[in-house]
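The residues making up each chain are set out below.
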Amino acid sequence: YGNFIDDLRLYVRGGTGGMGYPRLGGEGGRGGDVWFVARERTTLKSIRDRYPQKRFVAGTGANSSVKALKGEKGKDCEVHVPLGISVLRDDGKQIGELNAAGERFLAARGGLGGSLATNFLPCKGQSRIVRLDLKLIADVGLVGFPNAGKSSLLSKISHAKPEIANYAFTTIQPELGKIMYADYKQISVADLPGLIEGAHANKGMGHKFLKHVERTKQLLLVVDISGFQLSTKTRFRTAFETILLLTKELELYKEELLTKPALLAINKMDLPCAKDNLNELMKQLQNPEDFLHLLQEEMSPANILEFKDIIPISTYTGEGIEELKAYIRKSIDEEAEQENEEYRKKKLLLLQTSE
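Described below are features of the structure shown in this document. This structure is a prediction, so every number in the text was calculated from the model and none was measured.

**Observations regarding the sheet that holds strand β12 (residues 216-224)**
Next, step 1: On the basis of which strands lie adjacent, the open sheet formed by six strands has the order β10-β11-β9-β12-β13-β14 and mixed pairing. Only two strands of the sheet have a single partner each, and these edge strands are β10 (175-180) and β14 (309-312). In this sheet, adjacent strand axes meet at a mean angle of 25 degrees when their direction is disregarded.

**Section: the sheet that holds strand β2 (residues 34-38)**
Next, step 1: The strand order β4-β2-β7 describes an open sheet built from three strands, whose pairing is mixed. The strands lining the two open edges of the sheet, one partner per strand, are β4 (77-81) and β7 (104-108). Neighbour-to-neighbour, the strand axes of the sheet open up by a mean angle of 30 degrees, direction not taken into account.

**Details of the packing of aromatic side chains**
Next, step 1: All told, the structure shown has three aromatic pairs when counted by the stated rule.
Next, step 2: An angle of 70 degrees between the planes, with centres 4.9 Å apart, marks the rings of Tyr51 and Phe56 as edge-to-face.
Next, step 3: Ring geometry for Phe240 versus Phe291: centroids 6.1 Å apart, planes at 75 degrees, classification edge-to-face. Here Phe240, found in helix α4 (residues 239-253), pairs with Phe291, found in the loop between α5 (274-286) and β14; they are 51 residues apart in sequence, far enough to count as distant.
Next, step 4: According to the relative accessible area criterion, Phe240 is buried, its value standing at 2%.
Next, step 5: Looking at Phe291, the relative accessible area reads 23%, which means it is partly exposed.
Next, step 6: A cation over an aromatic ring shows up here: Arg104 above the ring of Trp35, its NZ or CZ 4.6 Å from the ring centre.
Next, step 7: Cation over ring: Arg329 sits above Tyr181, and NZ or CZ is 5.2 Å from the ring centre.

**Examining the nonpolar core**
Next, step 1: Formed by 34 residues in total, the largest nonpolar core has its most connected members in Leu221, Leu264 and Leu281.
Next, step 2: Put simply, the parts of the chain that give this core at least two residues each are β9 (138-143), α3 (206-214), β12, α4, β13 (262-267) and α5.
Next, step 3: Among residues more than four places away in sequence, those in contact with Leu264 are Leu220, Leu221, Val223, Ile243, Leu285, Phe307, Asp309, Ile310 and Ile311.
Next, step 4: In terms of nonpolar packing, the next biggest core, distinct from the first, is built from 23 residues, Leu8, Phe36, Ile47 and Ala107 among them.

**Details of the environment of Pro146**
Next, step 1: Inspection of the secondary structure puts Pro146 in the loop between β9 and α2 (150-157).
Next, step 2: Judged by its relative accessible area of 2%, Pro146 is buried.
Next, step 3: Each C-alpha atom of the pair Pro146 and Leu192 lies 10.0 Å from the other, and the pair is 46 residues apart in sequence.

What counts, and at which threshold
Each chain has its residues counted from 1, following the order in which its sequence is written. Residues qualify for local features only when their pLDDT is at least 70, as the model is predicted, and side-chain atom pairs are given and counted only at 80 or more; totals for whole chains, interfaces and linings, by contrast, use all residues. Only hydrogens and water are set aside; all other atoms, that is, all heavy atoms of the structure, feed into the side-chain values. Two strands make a pair as long as DSSP finds a minimum of two bridges between them. Strands here are runs of E lasting at least two residues and helices are runs of H or I lasting at least four, both read from the DSSP assignment and numbered beginning at the N terminus. Axis definition: a line fitted to C-alpha atoms, limited for helices to the stretch in contact. Angles are taken between N-to-C directions and run from 0 to 180 degrees. Whether two aromatic rings pair depends on their centres lying within 6.5 Å, for rings of Phe, Tyr and Trp, where Trp uses its six-membered ring; planes under 30 degrees apart make the pair stacked, over 60 edge-to-face, and the rest tilted. Accessible area is worked out with a 1.4 Å probe on protein chains only. A residue is then buried under 20% of its type maximum, exposed over 50%, and partly exposed in between. Note on geometry: a ring has a charge over it if NZ (lysine) or CZ (arginine) is within 6 Å of the ring centre and within 35 degrees of the ring normal. What is meant by a nonpolar core is a set of buried Ala, Val, Leu, Ile, Met, Phe, Trp, Tyr and Cys residues, joined one to another through side-chain atoms within 4.5 Å. Residues count as neighbours in contact if any of their non-hydrogen atoms are within 4.5 Å of one another.

In short, the description is geometric, and any link to function would need to be established separately.
What follows is the structure in structure tokens.
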């Protein structure tokens, strides 16, 4: 992934408690805690660069003394982490996540200070190794096979400047861009590394790619109207087959991905024969079940992805780009309205039941 880091292992340890004072029954201070705090404009790379040891230890509690029978609590250690972080134990079990700025997660608790219960001896703080796993958060995730024109599309609709070239794997790390609208509304779009057949089985960038798709609110499939062939050793796929294969990969990784609202952008409409290919594709998309025989049975998805809108575009000539931006906005707004409606209904139900 080059400079882009999407997971990081850290050692965290809560502070040791302070000593008790047996003669006067004094209690030592508790050890400090280690907290993860979600902050904007933070990256996992910045954590690694700033703390190369990747060790975070909280302060020791103060000892009990004649002047202060109850010792002070040790200093907490706060680690600023990016938004959209899953906190995992070293064995891979998720123990928490941080999605909004300001959210906090207790990574390691400090030890108790010495007291009568502990024979006035302090306890050690909790220590463990945790993994921070970043799943990008974006409103829209661009999904497509390599060379479908996702990077070109991102540069057209936003201010992002991804690397673009005429070979399959140009994008090797997720790129984020923001679409700016006239009324100052912003929608974030993530261009994700090219998916390939077999990604669900972790071929290519498999799970690294699909993990990021999970954290986007909506999908925008980008398909080359003239079809796709990864290399001379792989079969040529038509645009329709490409859509089915992309659906299959998402389905095999996690079926819930297919429940996300999806748009379809059909790219490279400036190519000769594009119009004929588009007519053919639209026919196939109207009754996809009739054309499933084009793929081998094991490659056909069990569920067909339903698209809210299908927009023909050309990132080369700019055709359809403004329409696509309008459709993305409409789709995001509709989804937000639906969420608000559900929230209002829940509130109303709570009020009724409390009465």
